[in-house]
Amino acid sequence: MSNKSLALPHNELTILVTGGAGFIGSHTCIELLGQNYNVVIVDDLSNSSKIAVERIRELSGADENQLVFYECNILDREGLETVFSKHAIDAIIHFAGFKAVGESTQKPLEYYWNNVAGSLVLFDVARNHGVKNVIFSSSATVYGDPEMIPITEECPLHEATNPYGETKAMMERILTDFYRADSEWNVVLLRYFNPIGAHESGRIGEDPKDIPNNLLPYVAQVAVGKLERIGVFGNDYPTKDGTGVRDYIHVVDLATGHVAAIKYAAAHSGSIAINLGTGVGYSVLDMISAFSRAVGKEIPYTIDARRPGDIAECYADPKLAYDLLGWKAVHTLDDMCADSWRWQQQNPYGYSDKEA
Ligand code: UFG
């Protein structure tokens, strides 16, 4: 059995990061390595790049033992068996999953198969190796159209309007049931708000494969000249300027939240859901003008129709994260935009060296 106490010195602990080559995963690996944890990445590279792993190594200075990479899908039981047999894993941070809301409505089978069935394979193999400490990548999407703003963890959960959101809600329930049946499971469900920004080095960041679905990557590609203008999805919401309001959080803050969750899991057991947000809401127009400031030029936009499924307002009450994890977001909106822009400018084609 390899489920040693998470309270050992960091350099004696090994964290498995599924989806570690992805946007939030790569930044989390940097923070873990910066605090001397050993990291094993499992990523199938379906929506990420091997270059991200090389850059994690470059930025962290991790050697071959501290950082190990496996190209492996979480549905691949044999591949996971190899990983758990070779490494004494102490905890899992589980990011791997498909994440495009719109695509999930077109490909529900793929989303449930990968995100739910894949997670079950992962946790079955983990359990067989005695690994029951899990930090799960959940989302504010589990609150649906929220009943309260700011959103506390007490806010009732609502059915998601798309299969992607449903997979997050399902995994929250499944992991909570694991703990109810067997109190050796130790589960922290982290509900992210809207991650943006990039590592301040400009070496790692978000690399959407196709035309971006999310606001900031889209705005960044307009700024760099790859796309012509940003369409604002509706200006008739009941918000200060009529455009949608979200809680944008710097991806590095989100990453440090995961390290704080690992430390929390070392001292507590149970199953708990925690919001990771800033507590501040910005509108789409706020974001466009903040990004324009970072870039030093106007970002062209038009007002378009609302996007189906969007809600007016969504921002966190981040108090529980502060009380339990001693964590809070420290980066400002200007940091987020400046860092996104640096990444975008230095890597106009993301991790590839030419336009796809
Ligand atoms: N928006 C635009 N134009 C665009 C893209 C987005 O105006 O081209 C607006 C949206 O209407 C919304 C805001 O910008 O008001 C943010 O939209 P994003 O698509 O960036 O983010 P969402 O809040 O819709 O989605 C995010 C995550 C999902 C998660 C969801 C709910 O991307 O994974 O929050 O928590 F499910």
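Our subject in this report is the structure included herewith. (Residues numbered from 1 in each chain as written. Predicted model: local features only at pLDDT ≥ 70, side-chain atom pairs only at ≥ 80, totals over all residues. Heavy atoms only, no water.)

**With respect to the packing of aromatic side chains**
In total, this model carries six aromatic pairs according to the counting rule given. Ring geometry for Phe 123 and Trp 185: centres 6.1 Å apart, planes at 90°, overall edge-to-face. Here Phe 123 is found in helix 5 (residues 108-128), whereas its partner Trp 185 is found in the loop between helix 6 (163-181) and strand 6 (186-192), with 62 residues between them in sequence. Three or more aromatic residues joined by ring pairs form one cluster here, namely Phe 123, Phe 178 and Trp 185. Positioned above the aromatic ring of Tyr 237 is the side chain of Arg 306, whose terminal nitrogen or guanidinium carbon lies 3.9 Å from the ring centre. (Phe/Tyr/Trp six-rings, centres within 6.5 Å; stacked < 30°, edge-to-face > 60°. Helix = DSSP H or I, 4+ residues; strand = E, 2+ residues; numbered from the N terminus. Lys NZ or Arg CZ within 6 Å of the ring centre and 35° of its normal.)

**Let's talk about the nonpolar core**
Ile 15, Leu 32, Val 39, Val 188, Leu 190, Leu 276 and Leu 325 are the most contacted members of the largest nonpolar core, which totals 47 residues. Tallying contributions element by element places helix 8 (residues 251-267) first for this core, with nine residues. Apart from residues lying up to four places away in sequence, Ile 15 is in contact with Leu 32, Tyr 37, Asn 38, Val 39, Val 40, Ala 91, Ile 93 and Ile 262. Within the second largest apolar cluster, 27 residues are counted, among which are Val 68, Leu 80, Ile 174 and Val 187. (Core = buried A, V, L, I, M, F, W, Y, C linked by side-chain atoms within 4.5 Å. Buried < 20%, exposed > 50% of the residue type's maximum accessible area, 1.4 Å probe, protein only. Contact = heavy atoms within 4.5 Å.)

**Digging into the site of the ligand**
As a structural note, the neighbourhood of the ligand is formed by 18 residues, with Asn 214, Gly 231, Arg 246, Arg 307 and Asp 310 the closest of them. Contacts to the ligand include Phe 233, whose backbone N or O atom sits 2.8 Å from an oxygen atom. Between an oxygen atom of the ligand and a side-chain N or O atom of Arg 307, the distance comes to 2.8 Å. The fraction of the free accessible surface of the ligand (690 Å²) that becomes covered by protein chains is 88%. The dominant element in the shell around the ligand, judged by the number of residues it contributes, is strand 8 (residues 230-233), at four residues. (Near = heavy atom within 4 Å. Polar contact = N/O pair within 3.5 Å; in protein donor to acceptor, adjacent residues only side chain to side chain. Areas by Shrake-Rupley, 256 points an atom, 1.4 Å probe, with all protein chains shown as cover.)

**Observations concerning the sheet that holds strand 4 (residues 91-94)**
Taking strand neighbours across the sheet as the criterion, the seven strands line up as 3-2-1-4-5-6-11 in an open arrangement whose pairing is parallel. Each of the sheet's edge strands pairs with one partner strand only, and the pair in question is strand 3 (67-71) and strand 11 (271-276). Sheet twist, expressed as the mean angle between neighbouring strand axes with direction ignored, is 20°. Running at roughly 175° to strand 4, helix 5 makes contact with strand 1 (14-18), strand 4 and strand 5 (133-139) of the sheet. (Pairing = 2+ DSSP bridges. Axes fitted to C-alpha atoms, helices over the stretch in contact; angles between N-to-C directions.)

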